[in-house]
Amino acid sequence: MTSVNAYWHEDAACRGTDPEELFADGARQNRAKAVCAGCPVRTECLVEALDNRIEWGVWGGMTERERRALLRRRPNVVSWRQVLESARREQEQPRAG
């Protein structure tokens, strides 16, 4: 498994962004999600929000509503880091065929 980077936030694409932009509502959330699109630590950010049940703001490209829905669908997940890293590995594997 990938090592945990405790300082992931230092590499975040939103690092210099006004926090008000990341804790927006309505259509402004789409602008916040766009900042996350190419972020090199998007997974770490999303893991932070999911594992710690952070209720507000856009984290890792997901709004609070999207995260709540995901948490309801997968209530037994203990470590979102394992789930997301496993999914990333599956996507990176060459497709057979």
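Relevant structure appears above.
A. Region of interest: unusual backbone geometry. If you check the backbone angles, R53 has positive phi at about 50° while not being a glycine. Counting through the fold element by element, R53 comes out in the loop between α3 (42-51) and α4 (64-73). Judged by its relative accessible area of 41%, R53 falls in the partly exposed class.

B. Looking closely at the packing of α3 against helix α5 (residues 80-92). Between α3 and α5, the shortest axis-to-axis distance is 9 Å and the interhelical angle comes to 145°. As α3 runs across α5, the sense of the crossing is right-handed. Packed against α3, whose contacting residues are T43, E44, L46, V47, L50 and D51, the element α5 presents W80, R81, L84 and R88 at the interface. Partitioning the contact of α3 with α5 into residue classes produces five nonpolar, one polar and four charged.

C. Broad picture of the pattern of salt bridges. One pass over the structure, following the stated rule, counts two salt bridges. Two residues, K33 and E66, come together in a salt bridge whose shortest N-O distance is 2.8 Å. Placement of the pair is K33 in helix α2 (residues 28-36) and E66 in helix α4, with a sequence separation of 33 residues. Classification of K33 by relative accessible area gives partly exposed; the value is 24%.

D. Examining the packing of α3 against α4 more closely. Contact pair α3 / α4: the axes reach a minimum separation of 11 Å and the direction vectors enclose 65°. Considered as vectors, α3 and α4 are oriented roughly perpendicular to each other. Classified by chirality, the crossing of α4 by α3 is right-handed. Contacts from L46, A49 and L50 in α3 reach R67, L70 and L71 in α4. Classifying every residue of the contact of α3 with α4 gives five nonpolar, no polar and one charged.

E. The arrangement of the side chain of E44 in detail. Mapped onto the secondary structure, E44 falls in helix α3. Buried charge without a salt bridge: E44, with R88 as the nearest opposite-charge side chain at an N-O distance of 5.0 Å. Beyond its immediate stretch of four places on either side in the chain, E44 contacts W8 and R81.

About the thresholds
- Residues numbered from 1 in each chain as written.
- Predicted model: local features only at pLDDT ≥ 70, side-chain atom pairs only at ≥ 80, totals over all residues.
- Heavy atoms only, no water.
- Helix = DSSP H or I, 4+ residues; strand = E, 2+ residues; numbered from the N terminus.
- Buried < 20%, exposed > 50% of the residue type's maximum accessible area, 1.4 Å probe, protein only.
- Axes fitted to C-alpha atoms, helices over the stretch in contact; angles between N-to-C directions.
- Left-handed = near helix turned anticlockwise from the far one by under 90°.
- Contact = heavy atoms within 4.5 Å.
- Nonpolar A, V, L, I, M, F, W, Y, C, P; charged D, E, K, R; others polar.
- Salt bridge = Lys/Arg side-chain N within 4 Å of Asp/Glu carboxyl O.
- Parallel < 35°, antiparallel > 145°, perpendicular 65-115°, else oblique.
- Lys, Arg positive; Asp, Glu negative; His and termini not counted.

Purely geometric stuff here, so don't read any function into it on its own.
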